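The chain contents come next:
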Amino acid sequence: MNTMKPHPTPLAKTKKIRLAAYVASKPSEPSRVAALKKQYEEYVASHPEYDSVDFYWDEGEKRLELSKRKEWTRLLRDCENGKVDRIITNSVASFTRNYKDLIEAVHTLKEMGVEMYFEQEELDTAKMDIRSIQEITEMLLKISGSEDTGMTQAY
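The following paragraphs examine the structure supplied in this document. (Residues numbered from 1 in each chain as written. Predicted model: local features only at pLDDT ≥ 70, side-chain atom pairs only at ≥ 80, totals over all residues. Heavy atoms only, no water.)

So, the side chain of D78
Consideration 1: Within the secondary structure, D78 sits in helix 2 (residues 70-80).
Consideration 2: Excluding its chain neighbours within four sequence positions, the residues that come into contact with D78 are Y56, K83 and V84. (Helix = DSSP H or I, 4+ residues; strand = E, 2+ residues; numbered from the N terminus. Contact = heavy atoms within 4.5 Å.)

Structure representation (structure tokens):
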């Protein structure tokens, strides 16, 4: 949620988009998260195509495993219940360092009809299929110098 550019999607043509923000951070970053939450709130307020759902924030040691994140689990539940159309997050690396978790999460969201936007990389799942996401993830791994598909290096 750095630049907060408008992110038009196919949903914008038919209804207000129910937007959620997701952040995973180290315990030492609460001030950064507070700033991101404020940016998210200002962004939604200035874009009438969006309705704010919630700001989901996971903090701490278990951030590498999506299945152990309470707020991610809550967000998925809200998606399953039809409360969320689109999720915005800062970057692939801040979302997860695990390639398999990334692909599984995006696939699960796509099956529910939920889009995800990674701001730093300007990746929008509304504009790609799962194979494209796998290819981009592999490209990011090469750029970062890691050939490990688990992407589990320390943050």
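Now that the structure has been shown, we can carry on.
Let's talk about the packing of helix 2 against helix 4 (residues 99-112)
Consideration 1: Relative to each other, helix 2 and helix 4 sit at 25 degrees, their axes nearing to 10 Å. As judged from the angle between their axes, helix 2 and helix 4 are roughly parallel. For helix 2 against helix 4, the interelement crossing comes out left-handed. Side by side, helix 2 and helix 4 meet where W72, L76, C79 and E80 of the first sit next to A105, T108, L109 and M112 of the second.
Consideration 2: Across the contact of helix 2 with helix 4, the residue classes tally to 6 nonpolar, 1 polar and 1 charged. (Axes fitted to C-alpha atoms, helices over the stretch in contact; angles between N-to-C directions. Parallel < 35°, antiparallel > 145°, perpendicular 65-115°, else oblique. Left-handed = near helix turned anticlockwise from the far one by under 90°. Nonpolar A, V, L, I, M, F, W, Y, C, P; charged D, E, K, R; others polar.)

Here's the deal with the sheet that holds strand 4 (residues 115-118)
Consideration 1: Ordered by their spatial adjacency, 5 strands build an open sheet running 2-1-3-4-5, and the pairing between neighbours is mixed. In the strand order of this sheet, the two ends are held by strand 2 (50-59) and strand 5 (123-124), each with one partner.
Consideration 2: Pairing analysis gives 4 bridges linking strand 1 (residues 17-25) to strand 3 (residues 86-89), with the strands arranged parallel. What sits directly across from A21, in strand 3, is I88.
Consideration 3: The sheet strands contacting helix 1 (residues 30-45) are strand 1, strand 2 and strand 3, and the helix crosses strand 2 at an angle near 170 degrees. (Pairing = 2+ DSSP bridges.)

A short note on the pattern of salt bridges
Consideration 1: Using the criterion set out here, one finds 9 salt bridges in the structure.
Consideration 2: One salt bridge connects D54 with R74, and the closest N-O pair in it is separated by 3.0 Å. Residue D54 is located in strand 2, and its partner R74 is located in helix 2; the two are separated by 20 residues in the primary sequence.
Consideration 3: Exposure remark for D54: the relative accessible area of 29% places this residue in the partly exposed category. (Salt bridge = Lys/Arg side-chain N within 4 Å of Asp/Glu carboxyl O. Buried < 20%, exposed > 50% of the residue type's maximum accessible area, 1.4 Å probe, protein only.)

Details of the packing of aromatic side chains
Consideration 1: Following the criterion strictly, the structure yields 6 aromatic pairs and no others.
Consideration 2: With a centroid separation of 5.9 Å and an interplanar angle of 80 degrees, the aromatic rings of Y22 and F95 are classed as edge-to-face. Of this pair, Y22 sits in strand 1 while F95 sits in helix 3 (residues 92-95), placing them 73 residues apart in sequence. Take Y22 and F95: they sit in the same class, and that class is buried.
Consideration 3: Through a chain of ring-to-ring contacts, three or more aromatic side chains come together here, namely Y22, W72, F95 and F118. (Phe/Tyr/Trp six-rings, centres within 6.5 Å; stacked < 30°, edge-to-face > 60°.)

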